Amino acid sequence: MYTTINQDGQLNNYAIETPVYYAEYPNSEKQRRYALQGAIAILFVNVLILTALAVS
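Residues numbered from 1 in each chain as written. Predicted model: local features only at pLDDT ≥ 70, side-chain atom pairs only at ≥ 80, totals over all residues. Heavy atoms only, no water.

## Quick look at the overall build of the protein
Just so we agree on the cut-off: Only DSSP runs of H or I reaching four residues or more are called helices, and only runs of E reaching two or more are called strands; each is numbered from the N terminus. Taken over C-alpha atoms, the radius of gyration is set against a globule rule of 2.2 Å times the number of residues to the power 0.38. Accessible area is worked out with a 1.4 Å probe on protein chains only. A residue is then buried under 20% of its type maximum, exposed over 50%, and partly exposed in between. Reported accessibility uses the Shrake-Rupley method at a 1.4 Å probe radius. Residues are deemed covered only where the shown protein chains occlude them.
Secondary structure summary: the protein contains 1 helix and 2 strands in total. Tracing the protein from N to C terminus, the helices and strands come up as β-β-α. In terms of overall dimensions, the protein is more spread out than a globule: its C-alpha atoms have a radius of gyration of 24 Å, far above the 10 Å expected for 56 residues. Across its three principal directions, the C-alpha atoms of the protein cover 65 × 40 × 10 Å. Split into buried and exposed, the 56 residues of the protein put 0% on the buried side. When the accessible area of the protein is evaluated, it comes to approximately 5,800 Å², of which 62% is carbon and sulfur surface.

Structure follows, in structure tokens:
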């Protein structure tokens, strides 16, 4: 942890910064998995909305 002291004697602690890296473009298998997860999420939200409308 990086610590500095100002003129009044107060300590300032700074967290260690992690190195920056660029994300990699997902391969075709990951893209298919993301599309499947999105489709399941849309289906789930639609079921919730229809259930709420049916109950009310």
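## A closer look at the pairing of strand β2 (residues 11-14)
Counted only if it meets this: Should DSSP find at least two bridges between two strands, the strands are regarded as paired.
Where strand β1 (residues 2-5) meets β2, 4 bridges bridge the pair, whose relative direction is antiparallel. Pairing of T4 across the sheet is with N12, part of β2. Counting the residues in the hairpin turn of β1 and β2 gives 5 residues, including G9, whose phi is positive at 90 degrees.

## Topic: the confidence of the model for the protein
Condition: What pLDDT expresses is the predictor's confidence in each residue, scored from 0 to 100.
On average, residues of the protein score 92 in pLDDT, and 98% of them reach the 70 mark or higher. Put simply, β1 is where the protein has its lowest mean pLDDT, 81, and helix α1 (residues 28-55) is where it has its highest, 98.

## Describing a nonpolar patch on the surface
How we decide: The patch calculation keeps residues exceeding 30% relative accessible area without a salt bridge and links them within 9 Å when they carry like charges or within 5 Å when they are nonpolar (Val, Leu, Ile, Met, Phe, Trp, Tyr). In the sections that follow, a salt bridge refers to a side-chain nitrogen of Lys or Arg positioned within 4 Å of a carboxyl oxygen of Asp or Glu.
A grouping of F44, V45, L48, I49, L50 and L53 is seen on the molecular surface, where their side chains present a nonpolar patch of about 620 Å² in accessible area. Structurally, L50 is set in helix α1. Residue class for L50 comes out exposed when judged on its relative accessible area of 57%.

## What about the pattern of salt bridges?
A side chain with one charge may pair with a side chain of the opposite charge, provided their charged atoms come close. According to the stated counting rule, one finds 1 salt bridge in the structure shown. For R33, the salt bridge is made with E29, and the minimal N-O distance between the two is 3.2 Å. Of this pair, R33 and E29 both sit in helix α1, 4 residues apart, which is roughly one turn of that helix. Residue R33 is classed as partly exposed on the basis of its relative accessible area, which comes to 42%. You can call E29 partly exposed: its relative accessible area is 46%.

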